[in-house]
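Structural overview
Below are the chains, spelled out letter by letter.
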Amino acid sequence: MNTQDFLQKPVRKIFFHYLLPSIFGTMVTSIYVLADTIMIGKGIGTVAMAALNIALPVYNIFFGLGLLFGVGGSVLMSIFRGKGEKQRADACFTASFLLTLAFLAVSMIVCTLYMKEIAWLLGGTVETMPYIMGYLPYIVWGMGAFFFSSYLQTFVRNDGSPKLAMNGVIAGGITNIVLDYVFIFPMKMGMGGAALATVIGSTLTVVILATHFFSKNNQLHFTLKGIRLSDLRDITVNGFSSFFIEAASGLTIFVFNLQLLKYVGNTGVSVFGVISNTAIVVTCLCKGINQAAQPILSTNFGAGKTGRIHEVLALAVKTSLIICAIPVVLGLIVPDLFTYIFLNPDAGILALSAPAIRIYFTGFLMMGINMVFICYFQAVFKNGHSLLICLLRGCVLVILFAYLLPAFFDVTGIWLAFPAAELVTMLIGIRLTMQTVKRDRKKN
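Please read these numbers as outputs of a predicted model, since none were measured by experiment.

With that settled, consider the overall build of the chain. Of the regular secondary structure elements, the chain holds 18 helices and zero strands. For 444 residues, the compact-globule formula gives about 22 Å, and the C-alpha radius of gyration of the chain, at 21 Å, lands near that figure. Along the longest, intermediate and shortest principal axes, the C-alpha atoms of the chain span 60 × 45 × 35 Å. A total of 444 residues make up the chain; the buried ones form 61% of that total. Looking at the chain alone, contacts between residues at least 24 apart form 82% of all its contacts between residues at least 6 apart. When the accessible surface of the chain is split by element, carbon and sulfur atoms take 70% of a total near 16600 Å². Averaged over its 30 positive side-chain charges, the chain has a centre that lies 12 Å from the centre of its 17 negative ones.

Printed below as a string of structure tokens:
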């Protein structure tokens, strides 16, 4: 699909052409974490699953840094293509690639030197540290696969090849599942086996995505001509919201783990492992919706086609509400279903998990809308608005409520923190979106 297709074809047709490949791609990305969680919970035990949940923020950071430069660069690339400035588009692609390499090198050095300190900082305990240190080294040494998996997915998709992006992620996800089983059960490799399976799966995804550069549909070209310092700044600023979605997920896991250790111990962390891994799936569904919308939004923004932008926004919000309603309904009706997927639970875990799932899952509806707002503001280059929504939902409000509400509602307050933060953020996001849409209509 070329630039003119984004500008001329019916919006609904383009959106749904991109939607299924995008959702399949992001959903399979979640399988990397889910496969580890299920195999570890069933094959190694509850404490090992708690250890995995403690180590997960590291994975979120690596994947998020790839998105930082992938989304930041691809949005700018699409905008310049919409304006007909091909060389500037290629310069943005090249600049984002160089930034990814630089941050990968720095992250590798820091994480290798301070790996054990990072594990303790994330909430490692005497009981969980052996499991964490069995898992974390492989994730750190294989971080390049996570960086470039998320980075290349965004550019390949924006370059008109959503099916290749989907196929690459699916192949990696299936490989990860198979190797998880082989390494954990027959080969008894424990936490290290689960981590190694994840790295191998992600590496295969990167290899498949890289074949796009040799296809006849490739419009991505490296060039040092036309790269400006302002491009590096704009890529970083514009992509920061996407990075923060991943980082905030890790931050939420970190804060909740600390609070749950304080109120109910490792059992609470294991229960939150069930919730947070389900949340990863829902978040990936929302990312799929956003990734379907983003290239259409950015290209039409570059061409100044406001009406098409608003049409995509409305489609994305409606789709998000429909999709996010499914886990909410299931969580309210059959909460134990999710616990049994990940664990072999005892009576104590079931007693804690059922009310926790019912409360926490209600926040998914608001989360889906908030993530559409973030995508919309990124695509139309209102970085302040997208960053504000990210900070509110992923940092300021969720931490505030996670520490404030338990003082009144005990452990129930911890589960309430997520839906409360998403609700307040959604109300602010609605206000900002209405103001932006109103101003756009006045201009036209």
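The next point concerns the pattern of salt bridges. Following the criterion strictly, the structure yields five salt bridges and no others. Residue lysine 86 pairs with aspartate 90 through a salt bridge whose shortest N-O separation is 2.8 Å. Here the residue lysine 86 and the residue aspartate 90 both occupy positions in helix 4 (residues 86–113), the gap between them amounting to four residues, near one helical turn. Judged by relative accessible area, which is 34%, lysine 86 ranks as partly exposed. Its salt-bridge partner being arginine 233, residue aspartate 234 comes within 3.1 Å of it at the nearest N-O pair.

Moving on, we get to the state of the cysteines. Applying the stated criterion across every chain yields a total of zero disulfides. Note on cysteine 284: no disulfide assigned, nearest cysteine sulfur contributed by cysteine 286 at a separation of 9.2 Å. Distance from the sulfur of cysteine 286, which forms no disulfide, to the nearest cysteine sulfur (cysteine 324) is 3.5 Å.

What follows deals with the environment of alanine 417. On the secondary structure map, alanine 417 appears in helix 18 (residues 411–443). You can call alanine 417 buried: its relative accessible area is 0%. Sequence separation between alanine 417 and glycine 144 is 273 residues, and the spatial gap between their C-alpha atoms is 33 Å. Contact partners of alanine 417, with chain neighbours within four places excluded, come to Phe256, Val398, Phe401, Ala402 and Leu405.

What counts as what
Residues numbered from 1 in each chain as written. Predicted model: local features only at pLDDT ≥ 70, side-chain atom pairs only at ≥ 80, totals over all residues. Heavy atoms only, no water. Helix = DSSP H or I, 4+ residues; strand = E, 2+ residues; numbered from the N terminus. Rg over C-alpha atoms; globule rule 2.2 N^0.38 Å. Buried < 20%, exposed > 50% of the residue type's maximum accessible area, 1.4 Å probe, protein only. Contact = heavy atoms within 4.5 Å. Areas by Shrake-Rupley, 256 points an atom, 1.4 Å probe, with all protein chains shown as cover. Lys, Arg positive; Asp, Glu negative; His and termini not counted. Charge placed at Lys NZ, Arg CZ, Asp CG, Glu CD. Salt bridge = Lys/Arg side-chain N within 4 Å of Asp/Glu carboxyl O. Disulfide = S-S within 2.5 Å.

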